[in-house]
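A closer look at the structure
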Amino acid sequence: MGKKARKTVKSIAAAVLLLVLLMANHTTVNYGSQREYKEAIAASEPLLAIRNITHEAFNHSIANPRSYEIDGFIMAGVIPHHVTAATMISGFFSQAAAFADYYDTVIILAPNHEGDLADVVLSYRDWDVGRGAFAHRGFVDDIMSAPAINTAISHSHIEIDHSASIFIPYIYHYLPDTKVAPVLLNRSLCFEGTTNLFRWLVDWINASGENVLLVASIDFSHFLTATEAMERDRVTAEAILNHDYRLIHSLNDHYLDSPAAMIIFLKHLEELGIAPQIIDHTDATEFLGPGLDETTSYKVIVGTRPTRIRLTFTGDLMLHEPQTRVDFNHTFSKVRPHLQSADLTIGNLETVLNGTFSDFPLFSAPDEFGYALKHAGFDLLSTANNHSLDQGVDGLLRNLDFLESIGIGTFGTYRSREERDSITIRKVSGISFAFLAYTFGTNNQPIPPGRDYLINLMRKDLIRSDIARVRQLADFVIVMPHMGNEYELFVRQEFKDWAMMMLEAGADIVVAGHPHVVQPMGFVHIIDSETNNSRRGFIAYCLGNFVSSQRILPQDAGVMLNLYFERIGANPPTFAAASYVPTWVKFTDASGREDIIILPIAKTLKAIEHGENVNLRQADIGRMMDAHREIAEIILGHDIPFADMREEYFISRYSH
């Protein structure tokens, strides 16, 4: 049979399959075998109806949600699925709504009350609510393809069973931009099968890069008097808080209706290093009145993480002639996941995006380099350095206009005095950061008279004034001075004094640059000049070269600096931790051909240890190992054994 004939038969088969699916009231299919038809089917499928809560009950519950005081944001939760407890459901999702922009997907683990079909029952259909609650078809496709999990598709089971469908209008109302993935779990799911499903879910979440809210839909103590339910609930609570998985798996409906969902919820929290908190416990008598012959118990259990965000800083972003001969996007491909996963990514742009390339001593970069920076994940760029005026005032202004046009913010150079005085502030999850940048000079390129606002020069009075103005407007003040002596691995006292002056004036963090090599970094104690109180600041004197064509050692290496900030409840945010990821610029592949790419050192060396082909010459592998040791010695003060290597190293020591 020729290609054309095979294509015709395939099209007819697809049409017949689609017709059968659309005519069926109860559809159970092996989804893995229908992968090639998925998009056509999804586009034509009817929507799933909301059957298990009335408009009146829903509206009443969102008008009267249970009040919970939850510190941090919710990573996972256990909530009831009876409409009787609708205000508890509303209370949980109203708390999650405070971080609605964080969640990408809600995975619902719920009991399959019918107890048939398969261990795991799913649907890839969207829901008929508002403008539509959208199913995560990629999740369904992936789990259906997992060989160790017994799965089936049944749209009617997902629609009719209240255990998952009751949450859909709440998710649409409180988390309107998330996708949903309802999963019905059979009561007969064995302990090994539960563990396999948990491991698959963890791997899927990690591989997808999505921020997931895991919801376990569980009711407790069925068919008992209130007194009997109280005793059963005590046993269940003890097993939950002790992570007694075997006991939980053995409990029947008199205790809880989905042991598998509870086990996966607890294992997920354990994987995240989070303890479960039982924040609400009641039974149906609270809502329906006393004297019930049989009641059902309800709990709300949460696993929360303090509001933690990450700012990632890179060293110098430079462009020399050899780099123009390779694809810029390829250059950033190995570090792109780390840059994109940060809440804000900030770099030092040591060239000018003037539309065409020009090499040292007067740098200029084509627009493609800027597009590659955007694609790599950069949100902000410091533009105050000794090359800011390499292409004159027109080049400085064109650089700002272009970066603004592609959605990258800038600070340190400005188009007007009003723009300079406004100061760049970014807010992430309610925590605000002010960014200031200054340079020691402009390589003798003149600043026109009366236009000193074009670039921030390092003047102590200016720096102190800027910090004082912005101190009241932001939670954290970050200063990026362009200073230091090129290629020196140590820091001269004058630059330490500059950095401490900035912190004592009210800055929290100083991330400096210019030497083109990694220099010391760490926490410092600061005595506040106004309150005389001690606080903690952080200084990084140089992050090295993130990308350049400088090959004289150690100019080929750098670090990505990660700064972590947390907020717990209504308390002021705190600067929680700092870490670094060592990087090295590869210039040639194993055959000696030009191949310029930034490599995360520890991750690459681990890949080599595991036998992966990283297309590197042996000499380059040796250089990466040397760079790894050199950077650790500079930042941590000691070497790191190869067996202890990980991608990210936390900085705990105090410097200065």
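We now turn to the structure provided with this report. (Residues numbered from 1 in each chain as written. Predicted model: local features only at pLDDT ≥ 70, side-chain atom pairs only at ≥ 80, totals over all residues. Heavy atoms only, no water.)

**Some words on the overall build of the chain**
Note the threshold: Here a strand is any run of E in DSSP of at least two residues, a helix any run of H or I of at least four, and the numbering for each starts at the N terminus. C-alpha atoms define the radius of gyration in this analysis, and the globule rule sets the expected value at 2.2 Å times the number of residues to the power 0.38. Any residue under 20% of the maximum accessible area for its type is buried, any over 50% is exposed, and the rest in between are partly exposed; the area is computed with a 1.4 Å probe on protein chains only. Any two residues whose heavy atoms approach within 4.5 Å at even a single point are treated as in contact. Values of accessible area rely on a 1.4 Å probe in the Shrake-Rupley scheme; residue burial ignores everything except the protein chains shown. We count Lys and Arg on the positive side and Asp and Glu on the negative side, and we leave His and both chain ends out. By convention, charge coordinates are those of NZ in Lys, CZ in Arg, CG in Asp, or CD in Glu.
Helices and strands together make up the secondary structure of the chain, namely 22 helices and 25 strands. At 29 Å, the chain has a C-alpha radius of gyration in line with the 26 Å of a compact globule built from 656 residues. In terms of overall dimensions, the chain has C-alpha extents of about 85 × 75 × 50 Å along its principal axes. The burial tally for the chain puts 57% of its 656 residues in the buried class. For the chain, the share of sequence-separated contacts (at least 6 apart) that also reach a separation of at least 24 residues comes to 76%. Put simply, the chain shows about 26900 Å² of open surface, and 51% of that area lies on carbon and sulfur atoms. Put simply, the chain has 54 plus and 79 minus side-chain charges, and the middle of one group is 5 Å from the middle of the other.

**Describing the packing of aromatic side chains**
Note the threshold: Think of it this way: a Phe, Tyr or Trp ring, Trp meaning its six-membered ring, pairs with another when their centres are within 6.5 Å, and the plane angle makes it stacked under 30 degrees, edge-to-face over 60, tilted otherwise. Throughout this description, the term charge over a ring refers to an Arg CZ or Lys NZ atom that lies within 6 Å of the ring centre and within 35 degrees of the ring normal.
For the coordinates displayed, the defined rule picks out 26 aromatic pairs. When the ring of Phe93 is compared with that of Phe167, the centres are 6.1 Å apart and the planes differ by 55°; the resulting orientation is tilted. Of this pair, Phe93 sits in helix α4 (residues 86-96) while Phe167 is found in the loop between α7 (162-165) and α8 (168-174), placing the two residues 74 residues apart along the sequence. Exposure remark for Phe93: the relative accessible area of 0% places this residue in the buried category. Under the relative-accessibility criterion, Phe167 is labelled buried at 0%. A ring pair is formed by Trp200 and Trp204, whose centres lie 6.5 Å apart and whose planes are at 25°; its orientation type is stacked. Highlighted residues: Trp200 and Trp204, both in helix α9 (residues 191-208), separated by four residues, approximately one helical turn. Members of the aromatic cluster, connected to one another through ring pairs, are Phe433, Phe476, Phe523, Phe538, Phe565 and Phe575. Here the guanidinium or amino end of Arg246 rests over the ring plane of Phe191, the centre of that ring lying 3.7 Å away. Sitting over the ring of Phe575, Arg536 keeps its end group 5.7 Å from the ring centre.

**So, the sheet that holds strand β19 (residues 521-527)**
As a general point, the strands of a sheet are linked pairwise by backbone hydrogen bonds and lie either parallel or antiparallel. Selection rule: In this analysis, strands are considered paired if DSSP registers two or more bridges between them. Axis definition: a line fitted to C-alpha atoms, over the contacting stretch in the case of helices. Angles run 0 to 180 degrees between N-to-C directions.
With respect to topology, six strands assemble into an open sheet ordered β15-β16-β17-β18-β20-β19, the strand pairing being mixed. Strands at the two margins of the open sheet, each flanked by one partner only, are β15 (424-428) and β19. Neighbour-to-neighbour, the strand axes of the sheet open up by a mean angle of 25°, direction not taken into account. The pairing of β15 with strand β16 (residues 431-439) spans five bridges and is antiparallel. Along β16, the bridge assignment pairs Thr424 with Phe435. Relative to the sheet, helix α19 (residues 460-471) contacts β15, β16 and β17 (476-482), its axis offset from that of β16 by approximately 170°.

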